[in-house]
Structure formats: structure tokens, C-alpha cells
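Chain by chain, the residues run as shown.
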Amino acid sequence: MDITDGALYQNSVKILEDAGKIINCDPNILNRLKKPKRALIVSVPVRMDDGSVKVYTGYRVQHSMTLGPGKGGIRYHMGVDLSEVAGLAMLMTFKNSLLNLPLGGAKGGITVDPTVLSRAELQRMTRRYTSEISNIIGPDKDIPAPDVGTNPQTMAWLMDTYSQEVGFAVPGVVTGKPIEVGGSLGREGATGMGVVFCMEEACKKLNYRFDDTLTIAVQGFGNVGSHAALYSHQRGARVIAVSDVDGGIYNKNGLDIPKLIAHFKAKKTLDGFENAEKITNEELLCLDVKALIPAALDGAINAKLAEKIKTKLIIEGANGPCTAEAGALLVSRGVKIIPDILANGGGVIVSYFEWVQGVSSYFWGEDEVNAKLHTAITSAFHKVWNFSETHKISMRLAAMSCSIQRLEKAMLLRGLYPQ
Ligand code: NAD
């Protein structure tokens, strides 16, 4: 597969071109942004518990480092391939630029189903992958973080392996670490919290009350989805449906999310939760709710499904959950989509805070982290909203336009080496 073949990559290039027209971007800059700076493919041989050896394929793509070190998550999933990782790395460049962070864009992953590996196998795979990519990552070069299928424990193994190789502890090589090894308070729930902060601002603009009348459906009950559901519930909204890869549950009067999280932790399934009926992922996405939060994988909402979607507000917790066609169709029907590079930016904002705290060895309280997150993401929200109103364009196009405006200036100032 060529790096540019995947749908996510092509969608990202298309929106980049559209935004380029809006801001009249230098064509040389646009051409440079269409290709990643560097892509590494590695073979990851792993000793399995039964003594056999399996060989997985891993990737790390650095799309741009104009604004600072590369930054982006590591995904363990069977759908991972070079083009998907490159498309996600590109989205990270745009996200970090939009959010005014001093960071470039990168992404990594392994094509694997982590749910079928034992803890020991996962650890050995993570350590070998880290060793294979260690020459291109580092606290000043490229800083990974969790994504689908990875978590703080994965980051601790990554940090330890890198530290063993260089001979001293380097907590700044990853973010999303456990608190005990230099993580930040508030990081674990930060993406979900950022989603909810964006939803609050959108509700103010749309004159929706943020109370029991705000019905919400959340697709995906992992890091992003479960925290988005929890913070929505805690702030008084009514989460009526959630789902994961095996399907969803629904109660029109609202689900008790803290209880559901406890149930999910204990049973590893949403099934069997009190006072809830089963629902499919498709039914969930088409519910007549005030707000829909897709927080699973990219491409979850395609054009066929978009025809049936009833909500008027979508907050993209996942990266690329609406295909380009679906997005265009929904916008033409008056649906407000708060795009991924804005809505799920809470994770990378607090990753940046974690990095800053680590570098200065001075750690902040959770309230301070959350307050700083609120300031950063709501200011980005209003920048994008105002741009979208002024230019009469979608929030996605506005977000991309604001993002590449900053990148263009920085790239022109740094110039091309050699001239
Ligand atoms: P996760 O692995 O913790 O959770 C993923 C969830 O999606 C799980 O509940 C899984 O069951 C569900 N899922 C998987 N396939 C599905 C399918 N076909 N249908 C329905 N549900 C399905 O991952 P996460 O970290 O929560 O990431 C979710 C999305 O958010 C991804 O697009 C990721 O790139 C994006 N994101 C994550 C972060 C972060 O901080 N974790 C930050 C920004 C963006």
C-alpha cells in the first residue's frame, strides 16, 4: 500500500486543499504539507507465551516538525496500516497548530489485536517496538502518547525501554504516563473533558440548555467515550445511549454513567447493565438526540448512515469519524459538526502540560490542569466558531484554515533548507 492510498489520508489532503483556497495559502507550503516528513516501518518479533515467535508490523510517521517535536499517539489495532498512520499523523500536525501548541504532528501503531495478547506478550511487543523506533523518538524529537488499544501502562513500558537504552530515566519521551512515573493529573480524562467543554460552548451558541433536556449518545466506551459520557453526566446532561465494538445500551431516561463505568470495569462488557435495552451501533448513531459523540474509530459515519442521522450537533471525539461525503451531507442538512482537530484536542493539550510539568519538575494540581485545559480549548473553539461565521464555512473548514494559517507563517519564516 502506498502512503497516500487510504481514505483517511485522502480526506485530510482534500480538506487541506479546501482550506488552502480559503486562506490563499502558498502552493509550495500546501505541497509540503501533503506529504509526511518521515515514515518508519519496523518488524516487531515477539516471543509468545507458548514459546513461538510472531512477527508484527509497526509504524511511526512524523508528518511535520515545523512547530516543535512530533507528537501523537500509538495505536494497537488490526486496521493499522502505513496510510492510516500517516493520515492520523497529518491530523496531529493540524490539531497541534490549531491549538497553538509548540508541537509538530506524528503517529504510530502496530497492526495487532491487543485484546488477544496476554499482559506479558503486550509488554514484550511494546518494548521491542520501542527499541525499533527509539532512534527517531525522544523528548526533543517525537513524543508518543496513548491512542486506541494503548493506555498509561503501555506508556510506562515505552518510557522504561527508552530509558534503559539511554541509561537514565527519560519521562519526557512519552505523555499519558501513570502519575507515579511523571504523568499529569487530569491527563487520563482530558480528551473526554475537552469534548465536553466544546459541547458546552456549542450548546451556548445553539441555545441548548446544558441540563437534563440535553440528550446525548456516545459511540465508543474507551478512554474518550467513557470520560465524555462521565463528564456530560456529572454536568447534568442526560446520556441515553453508549456503545462499544460489541453494540450498545439505551435508556431514554438516562444511564447512570458512574455505575455503568463500574459495571464495565468489573464485567468487561456493557451487557447486563440495569434498566437498559440493547441497541446496535447503527441505531445509536441514528437516535434523535440533542448531541452525538462518535468516540470510537474513523469512518464510523458514512454517507448512507448520514442520511438517517437525526441529531443537529455532532462533537467528534474520535479522529475522522465522519467520512468526507458524510460530513458534507450532514453540513448541507444544517448539522453542526465540531471537528476532531478541535473537539478531541483536550488529550494533546494536557499531554503538552504533562511535558511542561516534566521538564520543569514542578507538578500542578488537577483543578489547575483542568482550568488551563478549559482556557486553551474554549479559546480555540471561539477562534474556529468566529472564523466559520465570518467566512460562512463549516467548522471543519474553519478549523483547518486557522490551523494552516499558523503553519504557513512558521514554514515561511523557517524557509526551505537548502534554499
Ligand atoms: P480506546 O481503545 O480506549 O476505545 C475505543 C472504543 O471504541 C472502545 O470502546 C471500542 O470497543 C470501541 N470500538 C472499536 N471499534 C468499534 C466499532 N467498530 N464500533 C463501535 N465501537 C467500536 O480508544 P480511545 O483512546 O478512546 O480513542 C477513541 C478515538 O479517539 C480514536 O479515534 C482516537 O484516535 C481518538 N483520540 C483519542 C485520544 C486519547 O487521548 N485517547 C485523543 C484524541 C483522539
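What you see is a predicted model; the values in this text were computed from it and never measured.

Here is what the cut-offs are and how they apply
- Residues numbered from 1 in each chain as written.
- Predicted model: local features only at pLDDT ≥ 70, side-chain atom pairs only at ≥ 80, totals over all residues.
- Heavy atoms only, no water.
- Helix = DSSP H or I, 4+ residues; strand = E, 2+ residues; numbered from the N terminus.
- Rg over C-alpha atoms; globule rule 2.2 N^0.38 Å.
- Buried < 20%, exposed > 50% of the residue type's maximum accessible area, 1.4 Å probe, protein only.
- Areas by Shrake-Rupley, 256 points an atom, 1.4 Å probe, with all protein chains shown as cover.
- Lys, Arg positive; Asp, Glu negative; His and termini not counted.
- Charge placed at Lys NZ, Arg CZ, Asp CG, Glu CD.
- Core = buried A, V, L, I, M, F, W, Y, C linked by side-chain atoms within 4.5 Å.
- Domains from an automatic or database assignment.
- Patch = residues over 30% accessible without salt bridge, like charges linked within 9 Å, V, L, I, M, F, W, Y side chains within 5 Å.
- Salt bridge = Lys/Arg side-chain N within 4 Å of Asp/Glu carboxyl O.
- Contact = heavy atoms within 4.5 Å.
- Near = heavy atom within 4 Å.
- Polar contact = N/O pair within 3.5 Å; in protein donor to acceptor, adjacent residues only side chain to side chain.
- Nonpolar A, V, L, I, M, F, W, Y, C, P; charged D, E, K, R; others polar.
- 1 Å grid on protein atoms, 1.4 Å probe; cavity = no way out; pocket = protein on both sides within 12 Å on 5 of 7 lines; lining within 4 Å.
- Points joined across faces, edges and corners; volume = space filled by probe spheres on them.
- Buried area = accessible area lost by both parts, 1.4 Å probe.
- Pairing = 2+ DSSP bridges.
- Right-handed = clockwise from strand over helix to strand, strands pointing away.
- Expected span 1.5 Å × (residues − 1).

Let's talk about the overall build of the chain
Helices and strands together make up the secondary structure of the chain, namely 15 helices and 12 strands. Relative to the globule expectation of 22 Å for 419 residues, the C-alpha radius of gyration of the chain, 20 Å, shows essentially globular dimensions. C-alpha extents for the chain along the principal axes are approximately 55 × 55 × 45 Å. For the chain, with 419 residues in total, the buried portion stands at 56%. In the structure as shown, the chain presents an accessible area of about 17400 Å², 52% of it carried by carbon and sulfur atoms. Positive and negative charge centroids in the chain, built from 46 and 43 side chains respectively, lie 4 Å apart.

Regarding the nonpolar core
Counting 93 residues, the largest nonpolar core has V242, I338 and I404 as the members making the most contacts within it. The residue makeup of this core includes at least three contributed by each of domain 1 (7-180) and domain 2 (190-343). Counting 23 residues, the second-largest nonpolar core is a separate cluster that includes V44, I110, I137 and L158.

Things to note about a positive patch on the surface
On the surface, a cluster of positive charge is contributed by R32, K37, R38, K141 and R414. Inspection of the secondary structure puts R38 in strand β1 (residues 38-47).

Some points on the environment of L88
Mapped onto the elements of the fold, L88 is located in helix α3 (residues 82-98). Judged by relative accessible area, which is 2%, L88 ranks as buried. In this structure, L88 is in contact with L8, R75, K107 and N319, ignoring residues within four places of it in sequence.

Examining the site of the ligand
Around the ligand there are 23 residues in total, and R75, D147, T191, V224 and N319 lie nearest to it. Between the ligand and N319 there is a distance of 2.9 Å, counted from an oxygen atom to a side-chain nitrogen or oxygen. Surface burial for the ligand is 82%, taken as the share of its 830 Å² of free accessible area covered by protein chains. When its residues are assigned to classes, the shell around the ligand shows 8 nonpolar, 10 polar and 5 charged.

Some words on the layout of surface pockets
There is about 770 Å³ of room inside the second largest pocket. Lining the second largest pocket we find 39 residues, and of these I15, C322, T323, A324 and R396 sit closest to its centre. With 9 residues, the single largest contributor to the lining of the second largest pocket is helix α1 (residues 7-23). Among the residues making up the lining of the second largest pocket, the classes are represented as 19 nonpolar, 12 polar and 8 charged. Summarising the domain contributions, the lining of the second largest pocket has at least three residues from each of domain 1 (7-180) and domain 2 (190-343).

Some thoughts on the domain arrangement of the chain
By the assigned domains, the chain splits into domain 1 (7-180) and domain 2 (190-343). Between the C-alpha centres of domain 1 and domain 2 the distance comes to 26 Å. Taken together, the contact between domain 1 and domain 2 spans 14 residues of the former and 9 residues of the latter. Of the roughly 920 Å² buried at the junction of domain 1 and domain 2 (both faces included), carbon and sulfur atoms supply 62%. If you look at where domain 1 meets domain 2, you find 1 salt bridge. The partner of D298 in a salt bridge is R75, and the shortest N-O contact between them spans 3.4 Å. Taken together, the links from domain 1 to domain 2 amount to 2 residue pairs in polar contact (both at pLDDT 80 or more).

So, the pairing of strand β7 (residues 238-244)
Counting buried positions along β7 yields 7 of 7 residues, so the element is predominantly enclosed. The pairing of strand β6 (residues 215-219) with β7 spans 5 bridges and is parallel. For I216, the partnering residue across the bridge sits in β7 and is V239. In terms of handedness, the path from β6 via helix α7 (residues 223-234) over to β7 forms a crossover that is right-handed. Examined bridge by bridge, β7 and strand β8 (residues 247-250) share 4 bridges and lie antiparallel to one another. Residue pairing across strands places S243 opposite G248, the latter belonging to β8.

A short note on helix α15 (residues 395-414)
Taking 1.5 Å per residue as the helical rise, α15 with its 20 residues ought to reach 28 Å, and the 29 Å between its terminal C-alpha atoms agrees with that figure. G415 sits one or two residues past α15 and shows a positive phi near 75°.

Brief notes about the environment of L285
Within the fold, L285 resides in helix α9 (residues 281-285). Judged by its relative accessible area of 3%, L285 is buried. For L285 and S243, which are 42 residues apart along the polypeptide, the C-alpha to C-alpha distance reads 9.7 Å. Other than its neighbours up to four places away in sequence, L285 contacts Q219, L292, A300, I301, L305 and I309.

Notes on the environment of Y76
Within the element layout of this structure, Y76 appears in strand β3 (residues 70-77). Exposure remark for Y76: the relative accessible area of 2% places this residue in the buried category. For the pair Y76 and T311, spaced 235 residues apart in sequence, the C-alpha separation works out to 31 Å. Contact partners of Y76, with chain neighbours within four places excluded, come to I110, V112, P114, L122, M125, T126, V148, G149, T150 and T154.

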